[in-house]
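# Descriptive analysis of the structure
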Amino acid sequence: MEDIAEKGLQVVVGLAVFAAIIGLIMLLVDRAPKSGREKVQIAGFLAPALVLLAVGLVYPALQTSYLSLTDRNGEFVGLDNFVWMFTQPEALVTLRNTVIWVVLVPLLASSIGLAYAVFIDRARGEKALKALVFMPMAISFVGAGVIWRFVYAYKGPEQDQIGLFNQILVWLGQEPKQFLLDAPENTLFLIAVMIWIQTGFAMVVLSAAIKGIPTEIVEAARLDGASAWQQFRNVTIPTIRGSLIVVVTTITIGTLKVFDIVRTMTAGQYETSVVANEMYTQAFRAGEPGRGAALALVLFLMVLPVVVYNARLLRKQKEIR
């Protein structure tokens, strides 16, 4: 109880200090000379955001960077945590799984979403068909994990199967299979859950982009005798390229950070762990905050190139406009 009270007091003091800083900034803005008041006002409006950014992002990032160089006792060990990450078999399996997730999920989710958007474009019942595919997006990752655990559920050969896939195998005369226990294919079954969720997002964004293609371009391609595949390859893909890149990069970033699905369905056991899950496991389960911080930095470095590429693409598009 004393720890809770102490933490509560720290939160209250922090909020009071932040409020005092904001009040001081507003006072300085109000008392600023008229000649430079515009610049002071701009600085005053930016200051609260910069304070929050420093407290909520910059300081934790620096603290995490330092923590990654220490052991469980807080003693400085240099790059030992990173050496562990790239030399120990269990850590290498985690990195391998993360790479597999990042390659397969954006590629398959975007491809399936694009194909679905093209096939049902202006089809009868288009809204209902889109709603069915988009519906998984309304489910949390934890909820999706629970649902798919029942889909993959396994019972012994002599028992009645409650899992959909194993019941289908029984109907086909096959033995039931432990989908979430057998490595390495169990990682693929987890990936299927993420694809199921993200396909709806890809479909909605790409469908909107397809509908934005000028009719004149499509009609010109038809008059030139282009087949459906040629129209798709030479007209649709180049026109929606920007939207397609946004979809792929967004799904990639979400996949790099995936935690809930793995934690809910396997808890990272049976060689299914990924970087985000292993970061939690090492920091809060194994009592190795240094290793957890090192994994957090690696995850940040994996996300950074995707963010930079997306920012450069948006800048180029603005320059063209």
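Residues numbered from 1 in each chain as written. Predicted model: local features only at pLDDT ≥ 70, side-chain atom pairs only at ≥ 80, totals over all residues. Heavy atoms only, no water.

Threshold: UniProt positions are given in the numbering used here, feature names are shortened, and annotations may be inferred rather than shown by experiment.
An unreviewed UniProt entry annotates the protein chain as Sugar ABC transporter permease originating from Arthrobacter bussei. Turning to the protein chain, the UniProt annotation filed under Sequence similarities (unreviewed entry) states: "Belongs to the binding-protein-dependent transport system permease family." Per its UniProt entry, the protein chain bears the Subcellular location (unreviewed entry) comment "Cell membrane".

## As for the overall build of the protein chain
Heads up, the condition is: Only DSSP runs of H or I with at least four residues qualify as helices, and only runs of E with at least two residues qualify as strands; both kinds are numbered from the N terminus onward. Note on classification: 1.4 Å probe, protein chains only; a residue is buried when its accessible area is under 20% of the maximum for its type, exposed when over 50%, partly exposed between these limits. Should any heavy atoms of two residues lie within 4.5 Å, those residues are considered in contact. Surface accessibility follows the Shrake-Rupley procedure with a 1.4 Å probe radius. Residue values consider only the protein chains on display as shielding.
When you go through the protein chain residue by residue, the secondary structure sums to 14 helices and 0 strands. Put simply, the protein chain runs from its N terminus to its C terminus through helices and strands in the order α-α-α-α-α-α-α-α-α-α-α-α-α-α. Per-residue burial over the protein chain gives 34% buried out of 321 residues. A separation of at least 24 residues holds for 64% of the contacts in the protein chain among residues at least 6 apart in sequence. Summed over its atoms, the accessible surface of the protein chain is roughly 19600 Å², and 66% of this surface lies on carbon and sulfur atoms.

## Here's the deal with the UniProt feature "transmembrane region" (unreviewed entry) in the protein chain
Summarizing the sequence annotation, UniProt attributes the feature "transmembrane region" (unreviewed entry) to residues 12-30, 42-62, 99-119, 131-151, 188-210, 240-259 and 293-311 in the numbering used throughout. Taken end to end, residues 293-311 is 100% helix and 0% strand, and its first and last C-alpha atoms sit 26 Å apart.

## Considerations on the environment of Ala-276
With respect to the secondary-structure elements, Ala-276 resides in helix α13 (residues 275-285). A relative accessible area of 5% means that Ala-276 is categorised as buried. Considered as a pair, Ala-276 and Leu-295 are 19 residues apart in the sequence and their alpha carbons are 7.6 Å apart. In this structure Ala-276 touches Leu-256, Lys-257, Val-258, Phe-259 and Leu-299, once residues within four positions along its chain are discounted.

## Some points on the packing of aromatic side chains
For clarity, the threshold we go by: Here is the rule: rings of Phe, Tyr and Trp (six-membered ring for Trp) pair when centre to centre is within 6.5 Å. Planes less than 30 degrees apart are stacked, more than 60 are edge-to-face, and the remainder are tilted.
In the structure shown here, the tally under the stated rule is 11 aromatic pairs. On the numbers, 6.3 Å between centres and 80° between planes, the contact of Trp-148 with Phe-165 is edge-to-face. Here the residue Trp-148 occupies a position in helix α6 (residues 141-151), and Phe-165 occupies one in helix α7 (residues 164-171), the gap between them amounting to 17 residues. Judged by centre distance (4.9 Å) and plane angle (85°), the ring pair of Phe-179 and Phe-189 falls under edge-to-face. Here the residue Phe-179 occupies a position in the loop between α7 and α8 (185-211), and Phe-189 occupies one in helix α8, the gap between them amounting to 10 residues.

## Here we look at a positive patch on the surface
What counts, and what does not: Each patch is assembled from residues with relative accessible area greater than 30% and no salt bridge, linking like charges that lie within 9 Å and nonpolar side chains (Val, Leu, Ile, Met, Phe, Trp, Tyr) that lie within 5 Å. Between Lys or Arg on one side and Asp or Glu on the other, a salt bridge is scored when a side-chain nitrogen of the former is within 4 Å of a carboxyl oxygen of the latter. A residue counts as positive if it is Lys or Arg and as negative if it is Asp or Glu; His and the chain ends are not included. Here the site of a charge means atom NZ of a Lys, CZ of an Arg, CG of an Asp or CD of a Glu.
Taken together, Arg-241, Arg-312, Arg-315 and Lys-316 make up a surface patch of like positive charges. Broken down by element, the positive patch gets its largest block of residues, 3 residues, from helix α14 (residues 289-320). With respect to the helices and strands, Arg-241 occurs in helix α11 (residues 241-256).

## Notes on the side chain of Asn-97
Examined against the element boundaries, Asn-97 turns out to sit in helix α4 (residues 89-119). With sequence-adjacent residues up to four places away left out, Asn-97 is seen in contact with Thr-187, Glu-271, Thr-272, Ser-273 and Val-274.

## Structural notes on unusual backbone geometry
Cis geometry marks the peptide bond from Ala-183 to Pro-184; its omega dihedral reads 0°. Position of Pro-184 among the secondary structure elements: in the loop between α7 and α8. One non-glycine residue with positive phi stands out, namely Tyr-270, at about 60°. With respect to the helices and strands, the residue Tyr-270 is situated in the loop between α12 (260-265) and α13. Classification of Tyr-270 by relative accessible area gives partly exposed; the value is 40%.

## Brief notes about the packing of α6 against α8
For the record, the criterion: Interaxial angles span 0 to 180 degrees and are taken between N-to-C directions of axes, which are lines fitted to C-alpha atoms, for helices over the stretch in contact. Roughly parallel means an angle under 35 degrees; roughly antiparallel, over 145; roughly perpendicular, 65 to 115; everything else is oblique. The sense of a crossing depends on the near helix, which, turned anticlockwise from the far helix by less than a right angle, makes the crossing left-handed and, turned clockwise, makes it right-handed. For this scheme, ten residues count as nonpolar: Ala, Val, Leu, Ile, Met, Phe, Trp, Tyr, Cys and Pro. Four count as charged, namely Asp, Glu, Lys and Arg, and the remainder, Gly too, count as polar.
In the contact formed by α6 and α8, the axes pass within 10 Å of each other and the chain directions differ by 125°. What the angle tells us is that α6 and α8 run oblique. Considering the relative orientation of α6 and α8, their crossing is right-handed. Between α6, through Phe-141, Ala-144 and Trp-148, and α8, the contact on the second element is made entirely by Val-193, Met-194, Trp-196, Ile-197 and Gln-198. Taken together, the residues of the contact of α6 with α8 break down into 7 nonpolar, 1 polar and no charged.

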